[in-house]
Amino acid sequence: MSDHAPASNAPASPVKSMDAIMALCKRRGFIYQASEIYGGINGFWDYGPLGAQLKKNLRDAWWQDMIMRPCWGKQGPGGREVRCVPLETCIVQHPRVWQASGHLAGFADLMRKCPKCGHFVRADQLWDTIVQSSEWFASLIQEFEPSPEGTQTPQMNADRLLKWARTKGKKLAPNLALVRNPEVTLSWLVTRVNGQPTAPPDVIEILRHLATEQLNATGLQDPCTRCGAVLGEPAPFKLMFETWAGLTQTEDNKVYLRPETAQGIFVQFKNVVDTNRIKIPFGIGNTGKSFRNEITPRNFTFRSREFEQAELEFFCPPDESLEWYKFWRDFRMEWWKSIGLAGENLILREHEKDELSFYSQGTSDVEYRFPFTAPGFGELEGIAHRGNYDLTQHQKESGAKMEYNDTERGELLPNGQRRGERYLPHCIEPAAGLDRGVLAILCEAYTKDESRPSPEFMKFHPRLAPIKAAVFPLVAKDGMPEIAEKLHKELTDRFWRVGAIETDEKQTIGKRYARMDEAGCPYCFTIDSDTLKDQTVTVRDRDTGSQERIGIDNVSGFLADKLQV
RNA sequence: GCGGGCGUAACUCAGUGGUAGAGUGCCACCUUGCCAAGGUGGAUGUCGAGGGUUCGAAUCCCUUCGCCCGCUCCA
């Protein structure tokens, strides 16, 4: 999650209530807590019937617009056709995949845990963190005189340190050795300073002394940045889920659940090139579950430990990569807008230079202003220029040649062919979070309007709505139910592939409309007494509540037009 | 991980030591003539879980799980 809140970009409309959205999601069966009857399990969520269909519709929209007809048929840079093929790779890959990608190293930073307050700090950043953000250090450092010119040793005054330990130190760093046992701790330090005037201790060594109560028994120790207690030993902090492939749970059999789908694509890049008549530039798309052991799952489904990604890796010649990057960045923003995130809550944010990975020439995030991030934004999708980093890594680690032979390049030969040019393609990666997408769509669709008979309703784009339409008899008599049933069957026969068509003859018409509003059904067709006379029905629009009459024979065409199918 | 708040019906919540409640929703029947309309009736809870105190616990204590908020973390 990022937290960018330009003052000029403040929300014009009031922030929606996340509690109300979550209540509706539960009540109407969009999202349930996973394993709820057992008390739930931290960081995991299930989709109910409407949620499962909504998410499928989003996944289908991605698949259709990225794989089946990429970018709605728009041309890429230089008027080139945009071509993409699908792929489905395994959640479990060879462990060396994660070695090559850097996840094994990057996802297992050495962390140190404070046994007293439970605080975590990265082992390699301990001293930086203390100097930059430790409250007790900021206070303590003021008790020292500045270092004399050309030295690293601040001037120490034992009396002032004693006083600090008994006053401010008690509050700020209650577990620091200096605070718990000032005389002993200071005596070791004074001995050290006076004993070796030619090699005075630097700031870090002084801090380590102040954290050490029993020098003889323990040696110098390191303090917790927050409470000053002695930190535990560095231990790998595992953000990847581990399991075993094989019956024995030994180190040899250890495998990991993927933290992203992208690596499966890079690993199969050569196979796709070699076994399909496809030429660069082209993309490979893959949707599927990924897993990260998030430290703090939070904000409903926004940061879950099991989540689904929709990733495309688009391969192109290095000299075209920047243009393709910009192309994809802009298209992906357009795409999110096209499925209903059209408002001021969606932004495209280009990363600053210092945010970029060393191999990247550009990265952008599509971000949505969720109720829980407002006035800031949370990431929906990252579009990254990854250079040839990943193919290079896998080429090195596996020894397999990842080069592409571009037969459209190189000098023109006498026979009219090109000589060809071998290179490692560059890669543009639009990587979307489907669950975050669903959550953004739920938040965007949720609308509260107390002036309506149905004050809470879901304004889904018709393409995503789990229920596409409903057919009602105005009252359950005079032959209306029979006509409704016939129309319902007709619509179901035609539209079942894209979503549900519902019918309901119980309760009053207002209640039935209201129920459909909460489920986000865009259109309701109602059979009334006029239908019997002139073969027309009313169409009710979810967002406005307005009605128009159309011929019963035109209903199917009307809906097809609205759903663009 | 720390700090704060919360956990009672599908949803929103009342109930602070003495028989488990309300509104909404849901279901059935009656009534219907376009917006959660009206009437009658009905179903639904191991009060998040475990332990303790007590004659007696939704209520007090301890532990634990989950959710929300603020820190922290987020390759």
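Here we summarise the structure given alongside this text. Treat the numbers as computed from the prediction; the structure is a model and nothing was measured.

1. Quick look at the sheet that holds strand β13 (residues 378-387)
Judged by pairing direction, the sheet is mixed, and its seven strands sit side by side in the order β3-β9-β10-β16-β13-β12-β11 without closing on themselves. Looking along the sheet, the strands with just one partner apiece sit at the ends: β3 (84-86) and β11 (346-350). Between one strand and the next, the sheet's axes are offset by a mean angle of 20°, whatever the strand orientation. Pairing of β13 with strand β16 (residues 426-433) involves six bridges; the strand directions are antiparallel. Residue pairing across strands places G382 opposite A431, the latter belonging to β16.

2. Concerning the protein's contact with RNA strand B
If you check the shell around RNA strand B, you find 48 residues, and the closest are Q33, R292, P453, M480 and T508. The share of sugar and phosphate among atoms of RNA strand B within 4 Å of the protein is 53%. The backbone of N42 places a nitrogen or oxygen atom 3.4 Å from a phosphate oxygen of RNA strand B. Within the side chain of N299, a nitrogen or oxygen atom sits 3.0 Å from a phosphate oxygen of RNA strand B. Elements with a contribution of two residues or more to the surface near RNA strand B: α1 (18-27), α4 (103-106), α19 (509-519) and β22 (536-541). Of all the elements, α19 adds the most residues to the surface near RNA strand B, at seven residues. Classifying every residue of the surface near RNA strand B by side-chain character gives 15 nonpolar, 19 polar and 14 charged.

3. Regarding the sheet that holds strand β20 (residues 500-503)
A sheet is described by the order of its strands in space; here five strands give the open sequence β20-β19-β21-β22-β23, paired in mixed fashion. Where the open sheet ends on each side, the last strands, each with one partner, are β20 and β23 (547-551). The average undirected angle you get between the axes of adjacent strands in this sheet is 25°. As paired strands, strand β19 (residues 467-473) and strand β21 (residues 523-527) are joined by five bridges and run parallel to one another. Residue A470 lies in a different strand from β21, and its bridge partner there is C524.

4. What to know about the environment of E36
In this structure, E36 sits in the loop between β1 (31-33) and β2 (45-47). On the basis of relative accessible area, E36 is assigned to the partly exposed category, the value being 38%. For the pair E36 and R349, spaced 313 residues apart in sequence, the C-alpha separation works out to 37 Å.

5. Some words on the packing of helix α10 (residues 182-195) against helix α11 (residues 203-210)
It is at 8 Å that the axes of α10 and α11 come closest, and there the two elements cross at 145°. Where α10 approaches α11, its residues T185, L186, W188, L189 and R192 are matched on the opposing element by E205, I206, H209 and L210. Across the contact of α10 with α11, the residue classes break down as five nonpolar, two polar and two charged.

6. Examining the side chain of T538
Within the secondary structure layout, T538 lies in strand β22. When sequence neighbours within four positions are dropped, the list of residues in contact with T538 reads Y513, C524, F525, T526, D528, Q547, E548 and R549.

7. Things to note about the nonpolar core
The tendency in soluble globular proteins is for nonpolar side chains to be buried as a group. Formed by 63 residues in total, the largest nonpolar core has its most connected members in W328 and W336. Residue-level mapping places this core at the junction of two domains, with at least three residues from each of domain 1 (18-107 + 241-444) and domain 3 (450-563). Setting aside its immediate chain neighbours within four residues, W336 contacts L58, L341, L346, V366, L380, E381, A432, G433 and G437. Counting 26 residues, the second largest nonpolar core, distinct from the first, contains C114, W136, L186 and A211.

8. Structural notes on the pairing of β16
Burial analysis of β16 places eight of its eight residues in the buried class, the great majority of the element. Residue alternation in β16 divides its side chains into two sets, H426, I428, P430 and A432 and C427, E429, A431 and G433, and both sets are buried. Two strands pair when backbone bridges link them, and strand β10 (residues 306-316) and β16 are joined in this way by six bridges, in the antiparallel orientation. Residue pairing in the sheet places E311 in a bridge with A431 of β16.

9. Some remarks on the packing of aromatic side chains
For the structure shown, the criterion picks out 22 aromatic pairs. Both rings, one in F269 and one in F282, keep their centres 6.4 Å apart while their planes meet at 10°; by these two values the pair is stacked. Taken together, the residues span a long stretch of sequence, with F269 in helix α14 (residues 269-275) and F282 in strand β9 (residues 282-291) at a distance of 13 residues. Taken together, a centroid distance of 5.4 Å and an interplanar angle of 55° make the contact between F314 and W328 tilted. With F314 in strand β10 and W328 in helix α15 (residues 321-338), the pair connects residues that are 14 residues apart, well separated along the chain. In this structure W328 comes out as buried when scored by relative accessible area, which is 0%. Taken together, the ring pairs in this structure connect W72, F314, W324, F327, W328 and F331 into an aromatic cluster. Just above the ring of F457 sits the side chain of R452; from NZ or CZ to the centre is 3.6 Å.

10. Observations concerning the packing of helix α7 (residues 158-166) against α10
Relative orientation of the contacting elements α7 and α10 amounts to 150°, with a least axis distance of 10 Å. Judged by the angle between their axes, α7 and α10 are roughly antiparallel. At the point where α7 passes α10, the crossing takes the right-handed sense. Residues A158, L161, L162, A165 and R166 of α7 form the contact with α10, whose own contacting residues are P182, E183 and L186.

11. Section: helix α18 (residues 480-495)
If you check α18, its first and last C-alpha atoms are 22 Å apart, about what 16 residues at 1.5 Å a residue would give, namely 22 Å. For α18, every residue scored as buried is listed here: M480, P481, A484, L487, H488, L491 and F495. Here the buried residues of α18 occupy an arc of 125° about the axis, which is enough to place them on one side. Turned more than 90 degrees off the buried face of α18, the exposed positions are E482 and K486.

Rules and cut-offs
- Residues numbered from 1 in each chain as written.
- Chains lettered and ligands numbered in written order.
- Predicted model: local features only at pLDDT ≥ 70, side-chain atom pairs only at ≥ 80, totals over all residues.
- Heavy atoms only, no water.
- Pairing = 2+ DSSP bridges.
- Helix = DSSP H or I, 4+ residues; strand = E, 2+ residues; numbered from the N terminus.
- Axes fitted to C-alpha atoms, helices over the stretch in contact; angles between N-to-C directions.
- Near = heavy atom within 4 Å.
- Polar contact = N/O pair within 3.5 Å; in protein donor to acceptor, adjacent residues only side chain to side chain.
- Nonpolar A, V, L, I, M, F, W, Y, C, P; charged D, E, K, R; others polar.
- Buried < 20%, exposed > 50% of the residue type's maximum accessible area, 1.4 Å probe, protein only.
- Contact = heavy atoms within 4.5 Å.
- Core = buried A, V, L, I, M, F, W, Y, C linked by side-chain atoms within 4.5 Å.
- Domains from an automatic or database assignment.
- Phe/Tyr/Trp six-rings, centres within 6.5 Å; stacked < 30°, edge-to-face > 60°.
- Lys NZ or Arg CZ within 6 Å of the ring centre and 35° of its normal.
- Parallel < 35°, antiparallel > 145°, perpendicular 65-115°, else oblique.
- Left-handed = near helix turned anticlockwise from the far one by under 90°.
- Expected span 1.5 Å × (residues − 1).
- Arc of directions from axis to C-beta.

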